[in-house]
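# Working through the structure, step by step
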Amino acid sequence: SLSHTQTPATALPAAEVLTLDTMNPNIKRVEYAVRGPIVQRAMQLEKELQEGVKKPFTEVIKANIGDCHAMGQQPITFFRQVLALCSYPELLNDNKFPEDAKDRARRILQACGGGSIGAYSASQGIELVRQDVSRYIVRRDGGVPSNPDNIYLSTGASDAIATMLKLLVSGEGPTRTGVMISIPQYPLYSAALADLGAIQINYYLDESNNWSLAVGELRRALEAARKHCNPRALCVINPGNPTGQVQSRQCIEDVIRFAAEENLFLMADEVYQDNVYAEGCQFHSFKKVLFEMGPKYSEKVELASFHSTSKCYMGECGFRGGYMEVINLDPAVKAQLTKLVSVRLCPPVPGQALLDLVVNPPQPDEPSYSTFMNERTAVLAALAEKARMTEEILNKVPGIRCNPVQGAMYSFPQIQIPHKAIEEAKKGQAPDMFYCMTLLDEMGICVVPGSGFGQRDGTYHFRMTILPPTDKLKIFLAKVKEFHQRFTERYS
Ligand SMILES: Cc1ncc(COP(=O)(O)O)c(C=O)c1O
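In this text, all values refer to a predicted model and were calculated from it rather than measured experimentally.

### Side note on the overall build of the chain
Assigned secondary structure in the chain consists of 17 helices and 14 strands. Across the 492 residues in the chain, those meeting the buried criterion constitute 53%. Here the analysis covers contacts within the chain between residues at least 6 apart in sequence; of these, 71% occur between residues at least 24 apart. Summed over its atoms, the accessible surface of the chain is roughly 22,000 Å², and 52% of this surface lies on carbon and sulfur atoms. Of the charged side chains in the chain, 52 are positive and 54 negative; the average position of the first set lies 2 Å away from that of the second.

### Remarks on helix H3 (residues 77-87)
Every buried residue of H3 is accounted for by Phe78, Phe79, Gln81, Val82, Leu83, Leu85 and Cys86. In this structure, the buried residues of H3 make contact with helix H4 (99-110), helix H13 (349-359) and helix H14 (369-394).

### Remarks on the site of the ligand
Lining the immediate surroundings of the ligand are 14 residues, of which Ser158, Asn241, Asp269, Tyr272 and Ser308 lie closest. Serine 158 places a polar side-chain atom, nitrogen or oxygen, 2.4 Å from an oxygen atom of the ligand. Residue arginine 320 places a side-chain N or O atom 2.7 Å away from an oxygen atom belonging to the ligand. Compared with its free state, where it exposes 400 Å², the ligand has 94% of that area covered by protein. The dominant element in the shell around the ligand, judged by the number of residues it contributes, is helix H6 (residues 156-168), at 3 residues. Residues of the shell around the ligand, tallied by class, amount to 6 nonpolar, 5 polar and 3 charged.

### Notes on the domain arrangement of the chain
Reports often express the size of an interface as the amount of accessible area lost when the parts come together. Domain assignment breaks the chain into domain 1 (25-72 + 372-490) and domain 2 (120-359). Each of domain 1 and domain 2 was reduced to a C-alpha centroid, and the two centroids are 27 Å apart. At the junction of the two partners, domain 1 supplies 38 residues and domain 2 supplies 39 residues. For the pair domain 1 and domain 2, the summed buried area comes to about 3,100 Å², and 55% of that belongs to carbon and sulfur atoms. The three residues of domain 1 that bury the most area against domain 2 are Asn403, Gln406 and Phe453, which together make up 21% of that side's buried surface. The tally of links between domain 1 and domain 2 comes to 1 salt bridge. Here aspartate 274 ties to arginine 376 by a salt bridge, and the two come within 3.7 Å at their closest N and O atoms. Summed over the shared surface of domain 1 and domain 2, the result is 17 residue pairs in polar contact (both at pLDDT 80 or more). Taken together, the elements giving at least two residues each to the side of domain 1 that touches domain 2 come down to helix H1 (25-29), H14 and strand S10 (410-411). In terms of residue count, H14 provides more of the side of domain 1 that touches domain 2 than any other element does, 7 residues in total. When grouped by side-chain class, the residues that make up the side of domain 1 that touches domain 2 number 20 nonpolar, 12 polar and 6 charged.

### Let's talk about the sheet that holds strand S4 (residues 199-204)
Strand order in the open sheet formed by 7 strands is S2-S8-S7-S6-S5-S3-S4, and the pairing between neighbours is mixed. Across the chains shown, the open sheet's two edge strands, defined by having one partner strand only, are strand S2 (151-155) and S4. Sheet twist, expressed as the mean angle between neighbouring strand axes with direction ignored, is 25°. Summarising the sheet, strand S5 (residues 230-237) and strand S6 (residues 265-269) pair through 5 bridges and their orientation is parallel. Pairing of alanine 233 across the sheet is with phenylalanine 265, part of S6. On top of the sheet, helix H8 (residues 215-226) reaches strand S3 (177-183), S4 and S5; it is set at about 150° to S4, its chief contact. Along the sheet face, helix H12 (residues 331-343) touches S2 and strand S8 (321-327) and points at about 30° away from the line of S2.

### Here's the deal with the packing of helix H5 (residues 127-140) against H13
To describe two helices that pack against each other, one gives the angle between their axes and the distance between the axes. Relative orientation of the contacting elements H5 and H13 amounts to 30°, with a least axis distance of 9 Å. By the angle between their axes, H5 is roughly parallel relative to H13. Viewed along their axes, H5 and H13 form a crossing whose handedness is left-handed. Residues Leu128, Val129, Asp132, Val133, Tyr136 and Arg139 of H5 form the contact with H13, whose participating residues are Gln352, Leu355, Asp356 and Val359. Within the contact of H5 with H13, the residues separate by chemical class into 6 nonpolar, 1 polar and 3 charged.

### Focus on the UniProt feature "domain: Aminotransferase class I/classII large" (unreviewed entry) in the chain
Residues given the UniProt feature "domain: Aminotransferase class I/classII large" (unreviewed entry) here are residues 91-477. Between the end C-alpha atoms of residues 91-477 the distance is 44 Å, and the span holds 42% helix and 15% strand.

### Observations regarding the pattern of salt bridges
Taken as a whole and assessed by the stated rule, the structure comprises 34 salt bridges. Note that arginine 249 and glutamate 253 form a salt bridge whose closest N and O atoms lie 2.6 Å from each other. Here glutamate 253 and arginine 249 lie together in helix H9 (residues 249-262), a separation of 4 residues that amounts to about one turn. Judged by relative accessible area, which is 26%, arginine 249 ranks as partly exposed.

### Some points on the nonpolar core
Core analysis: the biggest nonpolar cluster contains 79 residues, and Phe79, Val133, Met164, Met267, Phe306, Tyr313 and Met324 have the highest contact counts within it. If you tally residues by element for this core, the top one is H13, at 7 residues. In terms of domain composition, this core takes at least three residues from each of domain 1 (25-72 + 372-490) and domain 2 (120-359). Every residue in contact with phenylalanine 306, bar those within four places of it in the chain, is listed here: Ala157, Ala160, Ile161, Met164, Met267, Ala268, Asp269, Glu270, Val271, Gln273, Tyr323 and Met324. Grouped together as the second largest cluster of nonpolar side chains are 39 residues, Leu49, Phe57, Cys402 and Ile417 included.

Cut-offs used in this document
- Residues numbered from 1 in each chain as written.
- Predicted model: local features only at pLDDT ≥ 70, side-chain atom pairs only at ≥ 80, totals over all residues.
- Heavy atoms only, no water.
- Helix = DSSP H or I, 4+ residues; strand = E, 2+ residues; numbered from the N terminus.
- Buried < 20%, exposed > 50% of the residue type's maximum accessible area, 1.4 Å probe, protein only.
- Contact = heavy atoms within 4.5 Å.
- Areas by Shrake-Rupley, 256 points an atom, 1.4 Å probe, with all protein chains shown as cover.
- Lys, Arg positive; Asp, Glu negative; His and termini not counted.
- Charge placed at Lys NZ, Arg CZ, Asp CG, Glu CD.
- Near = heavy atom within 4 Å.
- Polar contact = N/O pair within 3.5 Å; in protein donor to acceptor, adjacent residues only side chain to side chain.
- Nonpolar A, V, L, I, M, F, W, Y, C, P; charged D, E, K, R; others polar.
- Domains from an automatic or database assignment.
- Buried area = accessible area lost by both parts, 1.4 Å probe.
- Salt bridge = Lys/Arg side-chain N within 4 Å of Asp/Glu carboxyl O.
- Pairing = 2+ DSSP bridges.
- Axes fitted to C-alpha atoms, helices over the stretch in contact; angles between N-to-C directions.
- Parallel < 35°, antiparallel > 145°, perpendicular 65-115°, else oblique.
- Left-handed = near helix turned anticlockwise from the far one by under 90°.
- UniProt positions renumbered as here; feature names shortened; annotations may be inferred.
- Core = buried A, V, L, I, M, F, W, Y, C linked by side-chain atoms within 4.5 Å.

This is the structure:
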């Protein structure tokens, strides 16, 4: 009999099929700084601390990623009660759970295949949840209509954003699709565009004007890009990541007019819509402003807007819940979109259930209302306090300048790096990477270099989240201050 160890008559090819040279080159161009080398180093330092290695610090404080619960934010009780009931319906007989949580769980389970959140759902998402999302949007936008058919539930906002970009990208050479993204940007955008082999068109936010978005800059970027690609989409993040700005209504109107005139598909990333802290700032959805601009715009501009269960007061990143609403999408393309999402079967059903609670929270006449409101308000108030504190303390450090954190969960301060440090860094890495690595190694503080998000040439930044608990954030900011002074002296 033939043994499997027997050598075959003809020798097999020696080369591996999949190597760095033969793999998909687009994947090699993908970068994602918020989980990059800094974070790997931070994890290594944590491990060494655990093993008893002596360091100039006793813990690593991580402010590299907007992962709220990982930083100690507590989940909203009502959400977890309903999710527990949905996961283990036996608990519906347990009198520790409030009646409104039970009602909600029954309602969601009835909409699931076989009454179980373990069943696949429709690919676009559970119909009931899409209806609730639509009603939420109508309330949020002061009555502007929303159609559940235009809602696609997603695996976090990331998945919907990547899917929409996938639909948009086509052409070769000078006709290849270009997509306009803000710089600094959230690296999901550059990563998704690299993956798709699309052309990234950078427009710069105005740091000297609270990271605002100016139409003149959009026009400059667009005209430059038209020479080598076919710009077809414009992405806007509001409130901003990594820059923490909240756009004015006027600015949003200007952007919509620009998109209409230049025939661009608009993508509005609104995952931080409840995270607005600064006085005088308010969240305005692109959808609402679009409809307030009248039919000339609202019947023309193609818009996809995105929301998520990961941010705001929920911070439920791990559930991977989210939705997108599409407006004025060509019905034939919409059918293609529905086909595309059906290949992945469906977004996680627990994430859909959670999203349903976010868009349909306890009402004033329900038993869970007051606890829900207290918890929600406490989370947002703590974030507002930390936003203010971050700006105030950082701006007291000579050589660090930061704009107000008007919204979202981040600060993107500019740092002066001495010339000698830049020279030192250039032997192997970007100057701000050198700065952040040294900050990590000497202080146990983990932030992400500005180069991972994009910045004007010759300027340096880091991005930090405002998520560490208040007392820890205070220590964190004091350490940044101490380090910056020491680093500046060392290289002066
Ligand atoms: C601007 C922005 N968009 C999208 C996402 C993706 O979030 P998720 O996929 O968890 O919904 C994030 C996460 O940090 C973000 O900051």
